[in-house]
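So you can see what is in the structure, the chains are spelled out below.
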Amino acid sequence: MASRLQKFGFGLLGLPALLLTFGCGGSGTGTELRVLNASPDETSVQVVVDGAAVGSALAYQANTGYQSVKAGSRQFVLENTGMTTNLVPNDATLSLGNLTETTIILAGYSTGLQGIALTDDNTTPASGTINIRMVNAMPSLGPIDVYVVPPGTSLSSVTPTFPGLTFATPSNYVNLSIGSNANYEIYFTPPGNSAFTYMDSGPLAFSSGQNRTVVGLNSPSGSAYNFVMLKDLN
């Protein structure tokens, strides 16, 4: 399933308007929304919907988890915690269809924030496989190659799983077999240079039937790189 992408330049177009009715989610049986704070220098962000705060304030790398939402367009505000200034000064519109799951990622430094809206895959992959998708939310880097490989794989012997992934542009989902070894390792490298590694995740355990979104992050100083793995399904 391809990712639907919408990008919003904060201070220009703004982020979309949404209305939430609160509740737990992730089942794929309703319309749901999740917000991730991936901006390295926005240390505490509050999601406000129709004037009401949604859950706890989001520290860098934190997300709301799925919240039940109403389909259609509603008022959506992101504020620094304790402040009333909208990080999104101009309202825009995001249409949410029934039986969908949407993730909003706040990305970039505070001087150039971007919002990324993704439609998440809530369909179960074939038995013995997983679906995985990548988002480059590292404003201090340009394009990267991303490898998702069994531990111990020499990167020089394989091609990137997600080649040339640019900032704020997500990949489509890729279906991978977990076979008898349910571990994968994720590497970020410069494009075409597998000998240099920005980040090595170490072995990560997966289970059959999972859908995951991996978001690449950098530290506030921009000198170190990490990731957040979001559970889209199972």
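Structure's up top.
Here's a quick rundown of the structure. (Residues numbered from 1 in each chain as written. Predicted model: local features only at pLDDT ≥ 70, side-chain atom pairs only at ≥ 80, totals over all residues. Heavy atoms only, no water.)

Considering the sheet that holds strand β15 (residues 174-177)
- The four strands are arranged β15-β12-β18-β19 in an open sheet whose pairing can be described as mixed. Each end of this open sheet is capped by a strand with a single partner; those strands are β15 and β19 (225-233). Each neighbouring strand pair of the sheet contributes to a mean axis angle of 30 degrees, computed without reference to strand direction. (Pairing = 2+ DSSP bridges. Helix = DSSP H or I, 4+ residues; strand = E, 2+ residues; numbered from the N terminus. Axes fitted to C-alpha atoms, helices over the stretch in contact; angles between N-to-C directions.)

With respect to the pairing of strand β3 (residues 32-38)
- Most of β3 sits inside the fold, with seven of its seven residues counted as buried.
- Of the two faces of β3, the one carrying Glu32, Arg34, Leu36 and Ala38 and the one carrying Leu33, Val35 and Asn37 are both buried.
- Sheet analysis places β3 next to strand β7 (residues 67-68), joined by two bridges and oriented antiparallel. Residue pairing in the sheet places Leu33 in a bridge with Gln67 of β7.
- As paired strands, β3 and strand β10 (residues 101-107) are joined by seven bridges and run parallel to one another. Residue pairing in the sheet places Leu33 in a bridge with Thr102 of β10. (Buried < 20%, exposed > 50% of the residue type's maximum accessible area, 1.4 Å probe, protein only.)

Details of the sheet that holds strand β16 (residues 183-189)
- Pairing is antiparallel in the open sheet, where four strands are placed in the order β14-β13-β16-β17. The open sheet has two free edges, formed respectively by β14 (162-165) and β17 (199-205), since each of these has just one partner strand. Neighbour-to-neighbour, the strand axes of the sheet open up by a mean angle of 15 degrees, direction not taken into account.
- Examined bridge by bridge, strand β13 (residues 144-149) and β14 share two bridges and lie antiparallel to one another. Pairing of Ile144 across the sheet is with Leu165, part of β14.

What about unusual backbone geometry?
- Phi is positive for Leu99, close to 60 degrees, though the residue is something other than glycine.
- Along the chain, the position of Leu99 falls in the loop between β9 (92-93) and β10.
- By relative accessible area, Leu99 is classed as exposed at 55%.
- Positioned with a positive phi, Ala168 is a non-glycine residue whose angle comes to about 70 degrees.
- One can find Ala168 in the loop between β14 and β15.
- With relative accessibility at 0%, the residue Ala168 sits in the buried group.

Brief notes about the environment of Ser207
- Here Ser207 is to be found in the loop between β17 and β18 (211-218).
- Once the C-alpha coordinates of Ser207 and Gly179 are considered, the two residues, 28 residues apart in sequence, prove to be 9.9 Å apart.
- If we ignore the near neighbours within four places in the chain, the residues touching Ser207 are Ile130 and Ile178. (Contact = heavy atoms within 4.5 Å.)

Focus: the packing of aromatic side chains
- In total, this model carries three aromatic pairs according to the counting rule given.
- Taken together, a centroid distance of 6.3 Å and an interplanar angle of 70 degrees make the contact between Tyr184 and Phe206 edge-to-face. Remark: Phe206 occurs in the loop between β17 and β18 and Tyr184 occurs in strand β16; sequence separation between them is 22 residues.
- On the basis of relative accessible area, Tyr184 is assigned to the buried category, the value being 8%.
- When its relative accessible area of 4% is taken as the criterion, Phe206 is described as buried.
- Ring geometry for Phe196 versus Tyr198: centroids 5.5 Å apart, planes at 85 degrees, classification edge-to-face.
- Residue classification places Phe196 among the partly exposed residues on the basis of a relative accessible area of 43%.
- Judged by its relative accessible area of 26%, Tyr198 falls in the partly exposed class.
- Taken together, the ring pairs in this structure connect Phe196, Tyr198 and Tyr225 into an aromatic cluster. (Phe/Tyr/Trp six-rings, centres within 6.5 Å; stacked < 30°, edge-to-face > 60°.)

Thoughts on the environment of Val69
- Secondary-structure assignment places Val69 in the loop between β7 and β8 (76-80).
- Classification of Val69 by relative accessible area gives buried; the value is 8%.
- As for Val69 and Asn98, which are separated by 29 residues in sequence, their C-alpha atoms are 9.4 Å apart.

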